[in-house]
Amino acid sequence: EAIRRARVEDPRPEASAYYDAFEAECALLSGDPARAYELARRALGALGTGEALLRARASAISALAAREEGYPRRALEGFDEAFQVDPGVLVRMGAAVPVHILSSGGAIADEVASILSWSPRFDVADEGMSVAVNTDDTGGEVCFSSSTGAVLACADAVREGDETAEAFALRLARAFTAAAFAPQVSLSATDVSSLDGSNSVSRGGLDDLIGPGGLTD
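Residues numbered from 1 in each chain as written. Predicted model: local features only at pLDDT ≥ 70, side-chain atom pairs only at ≥ 80, totals over all residues. Heavy atoms only, no water.

**Let's talk about the packing of aromatic side chains**
Applying the stated criterion across every chain yields a total of six aromatic pairs. Taking the centre distance of 5.0 Å and the plane angle of 65° together, the rings of phenylalanine 83 and phenylalanine 144 count as edge-to-face. Taken as a pair, phenylalanine 83 in helix α5 (residues 72–83) and phenylalanine 144 in strand β4 (residues 139–145) lie far apart in primary sequence, 61 residues in all. Phenylalanine 83 gets classed as buried once you look at its relative accessible area, which sits at 1%. Counting every residue linked through ring pairs, the aromatic cluster contains Phe83, Phe122, Phe144, Phe176 and Phe181. Directly above the ring of tyrosine 71 sits arginine 74, whose terminal nitrogen or CZ lies 4.6 Å from the centroid. (Phe/Tyr/Trp six-rings, centres within 6.5 Å; stacked < 30°, edge-to-face > 60°. Helix = DSSP H or I, 4+ residues; strand = E, 2+ residues; numbered from the N terminus. Buried < 20%, exposed > 50% of the residue type's maximum accessible area, 1.4 Å probe, protein only. Lys NZ or Arg CZ within 6 Å of the ring centre and 35° of its normal.)

This is how it looks when you write it as C-alpha cells:
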C-alpha cells in the first residue's frame, strides 16, 4: 500500500523503475511470483547502470520468482545476472542457488562436494549453475560457473602437512563459498552503505519506503 501510494504521488517518470523493483519484492514475499517476475524484469529494463546493486536485487527477485513458478531457465538467467554484479544479495535474501556439483573423484573431492551440497547457500538441482571440484592429496580447486559456462569465481588451497583430509576439505569449501559470493564489481562507499538494495542518491522520498532491513510494509 505504501509503495502504491508513493507511486501515485510521485510525478517523476524515471521513478517508476524503482517502484517496480520494490513492488516486485513485495509480490514475491506475498506469494505472487508471476507478478514479482513481471515487475522485476520491467524494472531491469529501465534501471540505469549506476544502480548496480538494485539491479542485482531485481535480478535475484526475478530468479526466485521464476523458480517458484517452475521456469528453471528463466530463473538461471536471473541468477546469472545477479552473480555478475553482487552475489551477496542472495545471501542477504536468504536464498539458495540451484547448482549441480561435479567432483573429480577421490575422498577429498567427494568430501568437498558433500559439504557444499549441504550448504544453505546451494540447492542441488538438475538444472543449475555449475560447481566443479578438483582435488588430490596435496591440494585442490573449486570453480563456480554460470549456466552458460562462464567462470565466475574459483578458490584454491594447498593442504598443510599435518592437516587431515576432512579439515582440508572444509577449509577449501569455506574458501570457495567466500569467493563465490564476493562482489564482482568495485563498490563505492555509497554502494557499500546500500547493500540492502537501497541507495539514497537521487531517490528523494523513495527512501521512506525502505526500512533498515529492506522494504517496509
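**Topic: the sheet that holds strand β5 (residues 151–158)**
Across the sheet, which stays open at both edges, the five strands sit in the order β2-β1-β3-β4-β5 with mixed pairing between neighbours. The outermost strands of the open sheet, each flanked by one partner alone, are β2 (122–124) and β5. Between one strand and the next, the sheet's axes are offset by a mean angle of 30°, whatever the strand orientation. Looking at chain direction, strand β1 (residues 97–103) and β2 are connected through three bridges and run parallel. By the bridge assignment for β2, proline 98 is matched with aspartate 123. Set on the sheet, helix α7 (residues 107–117) makes contact with β1, β2, β3 (129–135) and β4; between it and β3 the angle comes to about 150°. (Pairing = 2+ DSSP bridges. Axes fitted to C-alpha atoms, helices over the stretch in contact; angles between N-to-C directions. Contact = heavy atoms within 4.5 Å.)

**A few points about the pattern of salt bridges**
Throughout the structure, instances matching the rule amount to nine salt bridges. Residue arginine 171 is joined to glutamate 163 by a salt bridge in which the shortest nitrogen-to-oxygen separation is 2.8 Å. Among the residues examined, arginine 171 registers a relative accessible area of 31% and is labelled partly exposed. With relative accessibility at 10%, the residue glutamate 163 sits in the buried group. (Salt bridge = Lys/Arg side-chain N within 4 Å of Asp/Glu carboxyl O.)

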